[in-house]
Amino acid sequence: MLKPFFNEIVHTEEELRSMLGYPSELVRNKVFSRLDRHCREFIAGSPLVFVATSDASGACDVSPRGDAAGFVAVLDDTHLLIPERPGNKRMDTLRNILANPQIGLIFIIPGLEETLRINGRACIIKEQERLQPLEAHGKIPLLGIGVEIEEGFIHCAKAFKRSKLWEQGSWPVEETLPNPARILVDHASKLGKTEEEIAAALRDSYEKRLY
């Protein structure tokens, strides 16, 4: 529970609505349950999707999936297939789907500030006839995430405008970026690895085990 730390907490939708109001007519009517040509074109142009899932207890996780634009297959008007490329073997997303099939997706296209959101139900598939067309770099994925669409909509650009994500002039200089190897040295300190060893392991993984 968050209450011991935070003092003033909103507990009801009524209170929430009294402070923030209600969606516009456009927002209320933009939701779809089937993919039209616009959605298909959006997914075909997206090289990155964020996948949100939760386990049976409601504990949440968000994980990115990325590849060449259009790597997520549109099977028909209500079904998608996301190839499962090699990862770190934590399998947070896949284990969550086994416990709770509800899934949320956000598709992103570089340079476009609007995103495409899709919510639905997921399953883990191993059908080779479905997975074979998702081959990349000579590798057919062993598994895929099948998604049955329940609802979706175009999400407005405000978050991207505020963050200036696609405005290169607002990007930090490389020297000021967080150092992943240094972070991992501290977070996994009991392994006794040096920053150089971690950096080399990351490079090896990225160069040899992307597919």
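Described in the following lines is the structure provided in the data block. Just so it is clear, the model here is predicted, and its values are computed rather than measured.

1. Regarding the overall build of the chain
Point 1. In terms of helices and strands, the chain carries 8 helices and 7 strands.
Point 2. Projected onto its principal axes, the C-alpha positions of the chain cover 55 × 50 × 40 Å.
Point 3. Within the chain, buried positions represent 27% of all 211 residues.
Point 4. With 27 positive and 31 negative side-chain charges, the chain shows a spacing of 2 Å between the two charge centroids.

2. Quick word on the nonpolar core
Point 1. Among the nonpolar cores identified, the biggest contains 23 residues, and Leu80, Leu105, Phe107 and Ile118 are the most heavily contacted of them.
Point 2. Contributing elements (two or more residues each) for this core: helix 3 (37-44), strand 1 (48-54), strand 4 (79-83), helix 4 (92-99), strand 5 (102-108), strand 6 (115-125) and strand 7 (144-155).
Point 3. Once residues lying within four places of it in the same chain are set aside, the contact partners of leucine 105 are Val49, Phe50, Val51, Leu80, Ile82, Leu116, Arg117, Ile118, Asn119 and Val147.
Point 4. Residues Ala73, Leu81, Ile125 and Leu131 belong to the second largest nonpolar core, which totals 5 residues.

3. Observations regarding the sheet that holds strand 2 (residues 60-66)
The strands making up a sheet associate through hydrogen bonds between their backbones, and the pairing can be parallel or antiparallel.
Point 1. Spatial strand order, 2-1-5-6-7-4-3: 7 strands in an open sheet with antiparallel pairing. Each of the sheet's edge strands pairs with one partner strand only, and the pair in question is strand 2 and strand 3 (73-76). On average, each strand axis in the sheet is tilted by 35° relative to the strand beside it, whichever way the strands run.
Point 2. Sheet topology places strand 6 next to strand 7; 11 bridges connect them, and they run antiparallel. Bridge pairing in strand 7 places leucine 116 opposite isoleucine 154.
Point 3. Sheet strands in contact with helix 3 are strand 3, strand 4, strand 5, strand 6 and strand 7, and its direction is about 75° off that of strand 6.

4. Examining the layout of surface pockets
It is the rolling of a water-molecule-sized probe over the atoms that shows where space remains empty.
Point 1. Here the largest pocket defines a volume of roughly 1,200 Å³.
Point 2. Around the largest pocket, the lining comprises 29 residues; the ones closest to its centre are Glu84, Arg85, Pro86, Gly87 and Asn88.
Point 3. Put simply, the parts of the chain that give the lining of the largest pocket at least two residues each are strand 2, helix 4 and helix 8 (195-208).
Point 4. The leading source of residues in the lining of the largest pocket is strand 2, at 6 residues.
Point 5. Its boundaries defined by the atoms lining it, the second largest pocket holds a volume of some 290 Å³.
Point 6. What lines the second largest pocket is simply Ser24, Leu26, Val27, Lys30, Arg117, Phe153, His155, Cys156 and Lys158.
Point 7. If you list the elements that add at least two residues to the lining of the second largest pocket, you get helix 2 (25-29) and strand 7.

5. Points about the packing of aromatic side chains
Point 1. What the rule picks out here adds up to 2 aromatic pairs.
Point 2. When the centroid spacing of 4.9 Å and the interplanar angle of 80° are considered together, the rings of phenylalanine 5 and phenylalanine 6 count as edge-to-face.
Point 3. Phenylalanine 5 gets classed as exposed once you look at its relative accessible area, which sits at 69%.
Point 4. Under the relative-accessibility criterion, phenylalanine 6 is labelled partly exposed at 43%.
Point 5. Look at phenylalanine 160 and tryptophan 166: their rings are 5.9 Å apart centre to centre, the planes differ by 25°, and that puts the pair in the stacked class.
Point 6. With a relative accessible area of 13%, phenylalanine 160 lands in the buried category.
Point 7. Assessed through its relative accessible area of 30%, tryptophan 166 is described here as partly exposed.

Criteria and cut-off values
- Residues numbered from 1 in each chain as written.
- Predicted model: local features only at pLDDT ≥ 70, side-chain atom pairs only at ≥ 80, totals over all residues.
- Heavy atoms only, no water.
- Helix = DSSP H or I, 4+ residues; strand = E, 2+ residues; numbered from the N terminus.
- Buried < 20%, exposed > 50% of the residue type's maximum accessible area, 1.4 Å probe, protein only.
- Lys, Arg positive; Asp, Glu negative; His and termini not counted.
- Charge placed at Lys NZ, Arg CZ, Asp CG, Glu CD.
- Core = buried A, V, L, I, M, F, W, Y, C linked by side-chain atoms within 4.5 Å.
- Contact = heavy atoms within 4.5 Å.
- Pairing = 2+ DSSP bridges.
- Axes fitted to C-alpha atoms, helices over the stretch in contact; angles between N-to-C directions.
- 1 Å grid on protein atoms, 1.4 Å probe; cavity = no way out; pocket = protein on both sides within 12 Å on 5 of 7 lines; lining within 4 Å.
- Points joined across faces, edges and corners; volume = space filled by probe spheres on them.
- Phe/Tyr/Trp six-rings, centres within 6.5 Å; stacked < 30°, edge-to-face > 60°.

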